[in-house]
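# Descriptive structure summary
What follows is the residue order along each chain.
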2 protein chains.
Amino acid sequence: MPPRSAHPRSTGRVTLADVAAIARVSPITVSRALRGERSVDPELVARVKAAADRLGYVPDPAARALASRHSTHVALLVPMLSNSLFVDLLEAVQGALRREGYQTLIGVTHYDAGEEEQLLREQLQHRPAGLLVTGLEQSEGTRALIHGSGLPCVHLMETSAAQGVYSVGFSQADAGAALTRHLLERGHRRIAFGAAQLDARTLQRLAGWRREMQAAGLHSPTLEWLNPAPSSLSLGRTMFEQMIAQSPPLDAIFFCNDDLAQGALLSALRLGISVPERIAIAGFNDLTGSDQMLPPLTTVRTPRAEIGAAAAVMLLGLMRGEVPPSACVDLGYEVVVRQSS
Amino acid sequence: MPPRSAHPRSTGRVTLADVAAIARVSPITVSRALRGERSVDPELVARVKAAADRLGYVPDPAARALASRHSTHVALLVPMLSNSLFVDLLEAVQGALRREGYQTLIGVTHYDAGEEEQLLREQLQHRPAGLLVTGLEQSEGTRALIHGSGLPCVHLMETSAAQGVYSVGFSQADAGAALTRHLLERGHRRIAFGAAQLDARTLQRLAGWRREMQAAGLHSPTLEWLNPAPSSLSLGRTMFEQMIAQSPPLDAIFFCNDDLAQGALLSALRLGISVPERIAIAGFNDLTGSDQMLPPLTTVRTPRAEIGAAAAVMLLGLMRGEVPPSACVDLGYEVVVRQSS
DNA sequence: CTGAAAGCGCTTACAG
DNA sequence: CTGAAAGCGCTTACAG
């Protein structure tokens, strides 16, 4: 079969015009029918869809983006994929968006506000139809870019009651407080907070821990072990080795992320320190392997897959111009008590 | 400042035409100058670049894609991000491509050939400028899509000597053989191979193990423990519990991936089975945490970040129409002997 | 080495 | 509810 068109620059692609010719309507009607604009005669819609199916027509994203000023891309900004939390988030987002014909543009910020801004700038050049951003704390520049773009934007992992801000997540502070209460109920008094990275969400968990410790009259600044280095198993080991030597001795450690807690657990095994008898250990996020540790790790299960999916659904609605039922969706968390506490 | 143009549909964006007006040349000359086409007077190039800088001009990817038939996207297909191996690969690819102005379109296939094909089909609609595909084994349909697209394509993680195939990786079979030799040299005889997922690369490692075991006259089908379920710590535990009960007893287990081996190590700890005295354990890929295990895990370090970066560089060259110095880049591997063997 | 014209494949904005 | 015209912002292909 020869190409449908003899134009020298024809790409061989099936175009709107081809569909229009078959359906015997104008190209613009095809465009409207296929995009589901109402105000097209249902009979024509059917004719157009049949023609499109027959020809295997697929809209050209570039042409669509150029004409409409919006691509079928959605920009997603996450801090770090080495934390599997964000892999789960990403997969859920990507799955939900893909079903609706959107491609996810992934930017990994490495917890760097400047890099986040630069990535967003680059992503905006592709004229995404919407934005998905981890957390609520952005640089001035990033905020200006988001606002200036006029694009719908949903924030992930935290919740915000602020006007005009869309968010899907849970209260990191409350989750931190809940785990702390669990440790207090177990009878632990000297409960340290071990944190790395020190990003916004970690600091909120810290605030939750502080709140409960102060309420119990047990807070002391010497119980706060804050390390700005990236979170990892080996950092957990290092921190544990320092913390276990503290005097008076600690009863328990609440690590801000499971990888630190896993490293601590392995270190305790190595040093012959019994957990939870000598010291209790708890983590956060319920990452892979935490249930396999020795002893299995007490932690907080966070619904990142659900957050990703719900945020994608909310964004999809916003991109269609709908008003979401709620601008702030709280998906909660769950304290998972295992043997390490 | 008012918008530069009174056109009702102007986007407010700085365009080629704006730069051309300032530089006092035609738009097509601006296009050529900025894309680095030679056959533009160096003096004009300088004038154009100065004008572009002054205006903060950024080319519109959609317009460029529509006119040129190629976007600034590169499609990347990986099996699974829950294996941190592919996160490392992805980050390296994305970093290298981003520096040259390309956006990475990530498709996660979940080790499913049908999903891989569907993802590629969707990605091709965005007219990527190049393709990066994990492994050499694709479905007929995927191969047809790759070939039919006419796009440059580089395969990752494995090496192929086939004509017209570009690949960056290492010999999975040789790496499997090397680790097996190490275990043999340690004096182990009954060395089992424990595998999950059973993807192409795992089976190549299996082949390497088999080769060495047969050469040593020690191979037996009963030493092959092959489980098609996804690789994970908990599966490693389950497999280990079965394998340790085998009789006559095993001397060593070579797991096809570190997560299985980590699960096995934790299981051994739980059961009070001493490693490597009672049984040696080795893994593959040197994933996060393997050096923190008890005992630290013997494994094979694989250069995935280097593979990602080198593949991106090769693809960048191919997209410029260059012929790469070598169509097949072997980046090797390294047996990392720790205490578990 | 440079440019005027045409075109990539859609959608917007305006009519009717 | 439907369409003819114009335009999105680039690059290709053809001249000179």
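Just so we're clear, the structure is a prediction, and the values are computed from it rather than from any experiment. (Residues numbered from 1 in each chain as written. Chains lettered and ligands numbered in written order. Predicted model: local features only at pLDDT ≥ 70, side-chain atom pairs only at ≥ 80, totals over all residues. Heavy atoms only, no water.)

### A short note on the UniProt feature "domain: HTH lacI-type" (unreviewed entry) in chain A
Defined as follows: UniProt positions are given in the numbering used here, feature names are shortened, and annotations may be inferred rather than shown by experiment. Numbering of helices and strands starts at the N terminus; helices are DSSP runs of H or I of at least 4 residues and strands are runs of E of at least 2.
Sites flagged by UniProt as "domain: HTH lacI-type" (unreviewed entry) map to residues 14-68 of chain A. Taken end to end, residues 14-68 of chain A comprises 69% helix and 0% strand; its first and last C-alpha atoms sit 20 Å apart.

### Some words on the sheet that holds strand 8 (residues 252-255) of chain B
Residue and element names in this part refer to chain B. Selection criterion: At least two DSSP bridges between two strands are required for those strands to pair. Axis lines are fitted through C-alpha atoms, for helices just across the contact stretch, and the angle between N-to-C directions can take any value from 0 to 180 degrees. Contacts are assigned to residue pairs that have any heavy atoms within 4.5 Å of one another.
A sheet is described by the order of its strands in space; here 4 strands give the open sequence 7-6-8-9, paired in parallel fashion. Since the sheet does not close on itself, it has two edges, and those belong to strand 7 (224-227) and strand 9 (280-282), each with one partner. Taken pair by pair, the neighbouring strands of this sheet meet at an average axis angle of 15°, ignoring direction. Across 4 bridges, strand 6 (residues 191-196) lies against strand 8 in parallel orientation. The residue of strand 8 that forms the bridge with Ala-192 is Ile-253. Strand contacts of helix 9 (residues 200-215): strand 6, strand 7 and strand 8, with the helix running at about 170° to strand 6, the strand carrying the most contacts. Sitting on the sheet, helix 10 (residues 233-243) is in contact with strand 6, strand 7, strand 8 and strand 9, with an inclination near 145° to strand 6.

### Here's the deal with the packing of aromatic side chains
Residues and elements named next belong to chain A. Spelled out, the test is: Stacked, edge-to-face and tilted are the three classes for Phe, Tyr and Trp ring pairs, Trp counted by its six-membered ring, which pair at centre distances within 6.5 Å; planes under 30 degrees apart are stacked, over 60 edge-to-face, the rest tilted. Between buried and exposed lies partly exposed: a residue is buried under 20% and exposed over 50% of the maximum accessible area for its type, with that area taken using a 1.4 Å probe on protein chains only.
By the definition in use, this model includes 8 aromatic pairs over all chains. Judged by centre distance (6.4 Å) and plane angle (20°), the ring pair of Phe-254 and Phe-284 falls under stacked. Of the two residues, Phe-254 sits in strand 8 (residues 252-255) while Phe-284 sits in the loop between strand 9 (280-282) and strand 10 (299-301), which places them 30 residues apart along the sequence. Residue Phe-254 shares its accessibility class with Phe-284, and that shared class is buried. An aromatic cluster is present here, built from Phe-193, Trp-209, Phe-254 and Phe-284 joined pairwise through their rings.

### Observations regarding the sheet that holds strand 6 (residues 191-196) of chain A
Residues and elements named next belong to chain A. Strand order across the open sheet formed by 4 strands is 7-6-8-9, with parallel pairing between neighbours. Two strands bound the open sheet, and with one partner strand each, they are strand 7 (224-227) and strand 9. Averaged over all pairs of adjacent strands, the angle between strand axes in this sheet comes to 15°, irrespective of strand direction. The sheet contact formed by strand 8 and strand 9 spans 3 bridges and is parallel. Following the sheet pairing, Ala-252 is matched in strand 9 by Ala-280. Strands in contact with helix 8 (residues 172-185) are strand 6, strand 8 and strand 9; relative to strand 8, the strand with the most contacts, it is inclined by about 165°.

### Comments concerning the interface of chain B and chain A
Keep this limit in mind: The term buried area refers to how much accessible surface (probe radius 1.4 Å) is lost by two components on association, counted for both of them together. Throughout this description, the term salt bridge denotes a Lys or Arg side-chain nitrogen within 4 Å of a carboxyl oxygen of Asp or Glu. Amino acids are sorted into nonpolar (Ala, Val, Leu, Ile, Met, Phe, Trp, Tyr, Cys and Pro), charged (Asp, Glu, Lys and Arg) and polar (every other residue, Gly among them).
Across the boundary between the two partners, chain B contributes 46 residues, which contact 46 residues of chain A. In total, about 4200 Å² of surface goes out of reach between chain B and chain A, with carbon and sulfur atoms giving 55% of it. Per-residue buried area on chain B facing chain A is highest for B:Arg98, B:Gln103 and B:Gln292; these three make up 15% of the total on that side. Between A:Asp60 and B:Arg127 there is a salt bridge, and its shortest N-O distance comes to 1.9 Å. Of all the secondary-structure elements, those providing two or more residues to the side of chain B that touches chain A are helix 4 (61-68), helix 5 (84-99), strand 2 (103-108), helix 6 (113-125), helix 10 and helix 11 (258-271) of chain B. Among the residues making up the side of chain B that touches chain A, the classes are represented as 19 nonpolar, 16 polar and 11 charged.

### Digging into helix 9 of chain B
Residues and elements named next belong to chain B. So the rule is basically this: By this rule the span expected of a helix is its residue count minus one, scaled by 1.5 Å.
With 16 residues, helix 9 extends 23 Å between its outermost C-alpha atoms, agreeing within 8% with the 22 Å of an ideal straight helix rising 1.5 Å per residue. Here helix 9 has its buried residues at Ala-200, Arg-201, Thr-202, Arg-205, Leu-206, Gly-208, Trp-209, Glu-212 and Met-213. Once helix 9 finishes, Gly-217 follows within two positions and takes phi at roughly 70°, a positive value.

### Quick notes on the packing of helix 2 (residues 27-34) of chain A against helix 3 (residues 42-55) of chain A
Residue and element names in this part refer to chain A. We count it as follows: What sets the label is the angle itself: under 35 degrees gives roughly parallel, over 145 gives roughly antiparallel, 65 to 115 gives roughly perpendicular, and the rest give oblique.
Look at helix 2 against helix 3: their axes get within 9 Å of each other, and the N-to-C directions meet at 90°. Considered as vectors, helix 2 and helix 3 are oriented roughly perpendicular to each other. Packed against helix 2, whose contacting residues are Thr-29, Val-30, Ala-33 and Leu-34, the element helix 3 presents Leu-44, Val-45, Val-48, Lys-49 and Ala-52 at the interface. Tallied by class, residues from the contact of helix 2 with helix 3 come to 7 nonpolar, 1 polar and 1 charged.

### Points about the environment of A:Gly101
Residues and elements named next belong to chain A. In this fold, Gly-101 is placed in the loop between helix 5 (84-99) and strand 2 (103-108). Accessibility expressed as a relative area gives 45% for Gly-101, which makes it partly exposed. Sequence separation between Gly-101 and Phe-240 is 139 residues; the distance between their C-alpha atoms is 47 Å.

### Describing the nonpolar core
Basically, it comes down to this: To form a nonpolar core, buried Ala, Val, Leu, Ile, Met, Phe, Trp, Tyr and Cys residues must be joined to one another through side-chain atoms within 4.5 Å.
Core analysis: the biggest nonpolar cluster contains 142 residues, and A:Leu132 and B:Leu132 have the highest contact counts within it. Apart from the residues lying within four places of it in its own chain, the contact partners of A:Leu132 are A:Val74, A:Ala75, A:Leu76, A:Leu77, A:Val93, A:Leu97, A:Val154, A:Leu156, A:Ala311 and A:Leu315.

### Some points on the relation of the copies chain B and chain A
The criterion, for reference: For the least-squares superposition of copies, only C-alpha atoms count, and only for residues with pLDDT at least 70 in both.
Between chain B and chain A, which share one sequence, the superposing operator has a rotation angle of 180° and an axial displacement of 0.0 Å; the RMSD is 0.1 Å. The operation mapping one copy onto its partner corresponds to a two-fold rotation axis. When each C-alpha of chain B is compared by its distance to the rotation axis, B:Ala62 comes out closest, at 2.4 Å.

### Observations regarding the pattern of salt bridges
Going through the model one piece at a time under the given rule, you end up with 36 salt bridges over all chains. For the salt bridge of B:Glu322 with B:Arg320, the shortest nitrogen-to-oxygen distance reads 2.8 Å. Look at B:Glu322 and you get partly exposed, because its relative accessible area is 41%. Sharing partners across several salt bridges, the network here consists of A:Asp286, A:Arg301, A:Glu334 and A:Arg338.

### What to know about the confidence of the model for chain A
Condition: pLDDT expresses how confident the predictor is about each individual residue, on a scale running from 0 to 100.
When pLDDT is averaged along chain A, the result is 93; 97% of the residues meet or exceed 70. Note that pLDDT drops below 50 for residues 1-7 of chain A; the model gives that stretch 6 contacts with residues more than four away or on any other chain.

### Thoughts on the side chain of A:Thr302
Residue placement: A:Thr302 occurs in the loop between strand 10 and helix 12 (304-319). Residue A:Thr302 is classed as buried on the basis of its relative accessible area of 3%.

### Re the domain arrangement of chain A
Residues and elements named next belong to chain A. Note the threshold: Note that the domain bounds reflect an automated or database-derived domain assignment. Throughout this description, a polar contact denotes any pair of N or O atoms lying within 3.5 Å of each other; where both atoms belong to protein, one of them has to be capable of donating a hydrogen while the other can accept it, and for residues adjacent in sequence the pair is counted only when both atoms sit in side chains.
Its domain assignment divides chain A into domain 1 (1-60), domain 2 (71-170 + 305-331) and domain 3 (172-301). Each partner contributes to the interface: domain 2 provides 12 residues, whereas domain 3 provides 12 residues. Summed over both sides, the interface of domain 2 with domain 3 buries roughly 910 Å², with 52% coming from carbon and sulfur. Of all residues in domain 2, the largest losses of buried area upon contact with domain 3 belong to Tyr-111, Glu-158 and Phe-170, amounting jointly to 51% of the total for that side. Along the contact surface separating domain 2 from domain 3 lie 4 residue pairs in polar contact (both at pLDDT 80 or more). In terms of residue count, helix 5 provides more of the side of domain 2 that touches domain 3 than any other element does, 3 residues in total. Of the residues assigned to the side of domain 2 that touches domain 3, the class counts are 6 nonpolar, 4 polar and 2 charged.

### A look at unusual backbone geometry
Note that the residue after A:Val275, namely A:Pro276, is joined by a cis bond; omega there is 10°. Within the fold, A:Pro276 resides in the loop between helix 11 (258-271) and strand 9. Non-glycine residue B:Met157 carries a positive phi angle of around 80°. As for its placement among the helices and strands, B:Met157 is situated in strand 4 (residues 153-157). Look at B:Asn285: it is not a glycine, yet its phi comes out positive at around 105°. Along the polypeptide, B:Asn285 turns up in the loop between strand 9 and strand 10 (299-301). For B:Asn285, a relative accessible area of 2% translates into the label buried.

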